[in-house]
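Survey of secondary and tertiary structure
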Amino acid sequence: MPDEQIHNAEAGKHHEIEMNSKYLTSHERVNELTSEFTKVLEEVLDKDAAEIVQLSEIGLYQWLRDRMFTASTRALMGDELLKDYPAFCVDFFNFDSDFLSFFFQLPKAMMGDAFPRRDRIFDNLERWSKRMHELSGGTPVDPEGPAWEPIFGSRLNRARQLDYKQRKLTTRTGAALDLGITFGLSSNVIPATGWMLMHLLDPRADPAVLAQVMKELREAETSDGSLDIALLVSQPLLQSLWTETLRLYTDVLVTRNLSEDLLLPLDEDGKRMVTLHKGDNVFAPSWLGHHDAKAWSSPGKPADSEFYAERFVAKDSKTGKLSFSMSGTAGKFFPFGGGKTICPGRLFAKQEGLGALAMVLLRFEFDVIGFVDAKKRDSEEFPGYARAFAGSGAVVPGGDLKVKVSRRQMR
Ligand code: HEM
């Protein structure tokens, strides 16, 4: 953005915080977004079902990624964007893998088509927004009106589009911020859901875990086939699965610029201190806490480097009842950052991730044919991390599971 636009955007940052608390973090609004997300995903999966069951194999993550992107983009931005710009999904995920290279200012020559691709995304988003304003008669439908409408979608997106004008942001800057919110929306929760699904279906994993997950999913299915989201996201094993996935696979660099000097203890008893100065940039990498052997490798639990879906499940010794517990991990786990700018999408992310997992597993059965690596070559290994800069957010799978899909008979 040009300097003057950065100034306008920063001066109105408090508007964003207000909009997020009004339209993204409140319980009721999260439920509205989830209900739109699950509605579209259901439509997409039902449309798909007839076709994918005919195929001898599909790439599981690749398939899930594109379906979830469609559903979350339509839930947030309305129906027209993907009609207008069907290649958004492909462009977006390529942009996502280039993302940190822009911050680290790699020479343009080393960045392939990252710059023209980003320009193309801006061009498309700018054209879309102008056309949607025309279709809406000049101004988006009031965010206090319907929860969702087809042109600009959710309350949050309508509020954001109105706010761009109020903050004197150009349509080009608006397009950049629309790409920003798409990044927030899709770049972490989709890979996280992919990892959950791949681990559950891994032929080498304990089948009892998938059986217990299916039990919890069925309990959250209502008689009309829809999901009781509140029950779904409070099921003990599902919560543990989500938390373990974020622990092992998010790699965020929580970044702050110090507004005053800060004296920071380097050890528990405060004998060694370091002074950080006003104006310094401070990076808190989640990777260190999330992989701290002392915090995660308690007796009887697999090492911190291993995926262990039940890591946060406690069992009552008398009743056998399962519960979710994160005791003993304070300060070691912060996939959503913290403080004033803690991720405002964290509640929606959990509902979206577990909602998508439920919809996929309750509809389909998957026979795993094998693994492929990042270059789609057959492999003996469960997918590892894709190559990325440290701090890229949720780590993308560097490979996939080849699966044969069939409709689940008993729902
Ligand atoms: C697993 C999923 C997600 C993870 C791991 C994640 C992680 C993060 C992190 C680490 C931050 C920076 C927080 C800080 O500076 O303290 C952030 C900010 C943000 N996230 Fe998320 N996020 C996820 C999902 C979402 C979703 C679904 C949305 C929905 C739109 C979203 C929207 C945002 C926004 C708008 C910000 C900027 C907040 C601000 O600067 O005030 N995120 N996220």
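Described below are features of the structure shown in this document.

Our next topic: the overall build of the protein. When helices and strands are counted, the protein shows 16 helices and 14 strands. Computed over C-alpha atoms, the radius of gyration of the protein comes to 22 Å, within 12% of the 22 Å expected from 2.2 N^0.38 for 411 residues, which places it in the range of a compact globule. With respect to the principal axes defined by its C-alpha atoms, the protein has extents near 65 × 60 × 45 Å. Restricting to contacts in the protein with at least 6 residues of sequence separation, those with at least 24 account for 72%. By element, 54% of the accessible surface of the protein is carried by carbon and sulfur atoms, the whole surface being about 20,600 Å². In the protein, which carries 51 positive and 59 negative side-chain charges, the distance between the mean positions of the two groups comes to 1 Å.

This paragraph deals with helix α16 (residues 346–363). For α16, built from 18 residues, the straight-helix expectation of 26 Å at 1.5 Å per residue is met to within 8% by its first-to-last C-alpha distance of 26 Å. In terms of residue burial, α16 counts as a mostly covered element, since 15 of its 18 residues are buried.

With 97 residues, the main nonpolar core has Trp63, Phe88, Leu361 and Phe366 as its most contacted residues. Among residues more than four places away in sequence, those in contact with leucine 361 are Leu197, Leu200, Leu201, Leu210, Val213, Met214, Leu217, Phe366 and Arg408.

Unlike most non-glycine residues, glutamine 105 shows phi in positive territory, near 50°. Considering the arrangement of structural elements, one finds glutamine 105 in the loop between α6 (88–103) and α7 (114–135). Phi is positive for lysine 168, close to 55°, though the residue is something other than glycine. Checked against the element boundaries, lysine 168 lands in the loop between α8 (155–166) and α9 (171–186).

This brings us to the site of the ligand. Taken together, 22 residues sit near the ligand, with Lys13, Gly184, Arg256, Gly338 and Cys343 positioned nearest. Contact distances for the ligand include 2.7 Å between an oxygen atom and a side-chain N or O atom of arginine 256. Threonine 341 places a polar side-chain atom, nitrogen or oxygen, 3.2 Å from an oxygen atom of the ligand. Counting residues per element, the ones that place at least two in the shell around the ligand are α9, α13 (236–249) and β4 (250–257).

Right, let's get into the coordination of the iron atom of the ligand. Within the protein, just one atom coordinates the iron atom of the ligand: Cys343 (SG), at a distance of 2.3 Å. With respect to the element layout, cysteine 343 can be found in the loop between β9 (322–324) and α16.

A word on the sheet that holds β4. In spatial order, the strands read β7-β4-β13; together these three strands make up an open sheet with antiparallel pairing. Both outer strands of the open sheet, β7 (281–285) and β13 (392–394), are each paired with one neighbouring strand and no more. When the angles between neighbouring strand axes are averaged without regard to direction, this sheet yields 35°. Relative to β13, β4 is paired through three bridges, and the arrangement is antiparallel. Across the sheet, residue valine 252 finds its bridge partner in β13, namely serine 392. Lying on the sheet, α13 is in contact with β4 and β13; it crosses β4 at an angle near 70°.

Following both chains from N to C, one finds helix α4 (residues 60–77) and α6 inclined at 105°, their axes separated by 10 Å at the closest point. Considered as vectors, α4 and α6 are oriented roughly perpendicular to each other. Two secondary-structure elements touch here, α4 through Arg65, Asp66, Phe69 and Thr73 and α6 through Phe88, Cys89, Phe92 and Phe93. For the contact of α4 with α6, the class distribution of residues is five nonpolar, one polar and two charged.

Side chains of Phe103, Phe104 and Phe389 sit close together on the surface and give an oily, nonpolar patch of about 320 Å² of accessible area. Turning to its location among the elements, phenylalanine 389 is positioned in the loop between β12 (384–385) and β13.

Let us look at the pattern of salt bridges. In the structure shown here, the tally under the stated rule is 33 salt bridges. For lysine 271, the salt bridge goes to aspartate 269, with nearest N and O atoms at 3.5 Å. You'll find lysine 271 and aspartate 269 in the same group, each marked exposed. Salt bridges here are not isolated pairs; linked through shared partners, they connect Glu80, Lys83, Asp84, Arg127 and Arg131.

About the thresholds
- Residues numbered from 1 in each chain as written.
- Predicted model: local features only at pLDDT ≥ 70, side-chain atom pairs only at ≥ 80, totals over all residues.
- Heavy atoms only, no water.
- Helix = DSSP H or I, 4+ residues; strand = E, 2+ residues; numbered from the N terminus.
- Rg over C-alpha atoms; globule rule 2.2 N^0.38 Å.
- Contact = heavy atoms within 4.5 Å.
- Areas by Shrake-Rupley, 256 points an atom, 1.4 Å probe, with all protein chains shown as cover.
- Lys, Arg positive; Asp, Glu negative; His and termini not counted.
- Charge placed at Lys NZ, Arg CZ, Asp CG, Glu CD.
- Expected span 1.5 Å × (residues − 1).
- Buried < 20%, exposed > 50% of the residue type's maximum accessible area, 1.4 Å probe, protein only.
- Core = buried A, V, L, I, M, F, W, Y, C linked by side-chain atoms within 4.5 Å.
- Near = heavy atom within 4 Å.
- Polar contact = N/O pair within 3.5 Å; in protein donor to acceptor, adjacent residues only side chain to side chain.
- Donors = N, O, S within 2.8 Å, 3.2 Å for Na, K, Ca; no water.
- Pairing = 2+ DSSP bridges.
- Axes fitted to C-alpha atoms, helices over the stretch in contact; angles between N-to-C directions.
- Parallel < 35°, antiparallel > 145°, perpendicular 65-115°, else oblique.
- Nonpolar A, V, L, I, M, F, W, Y, C, P; charged D, E, K, R; others polar.
- Patch = residues over 30% accessible without salt bridge, like charges linked within 9 Å, V, L, I, M, F, W, Y side chains within 5 Å.
- Salt bridge = Lys/Arg side-chain N within 4 Å of Asp/Glu carboxyl O.

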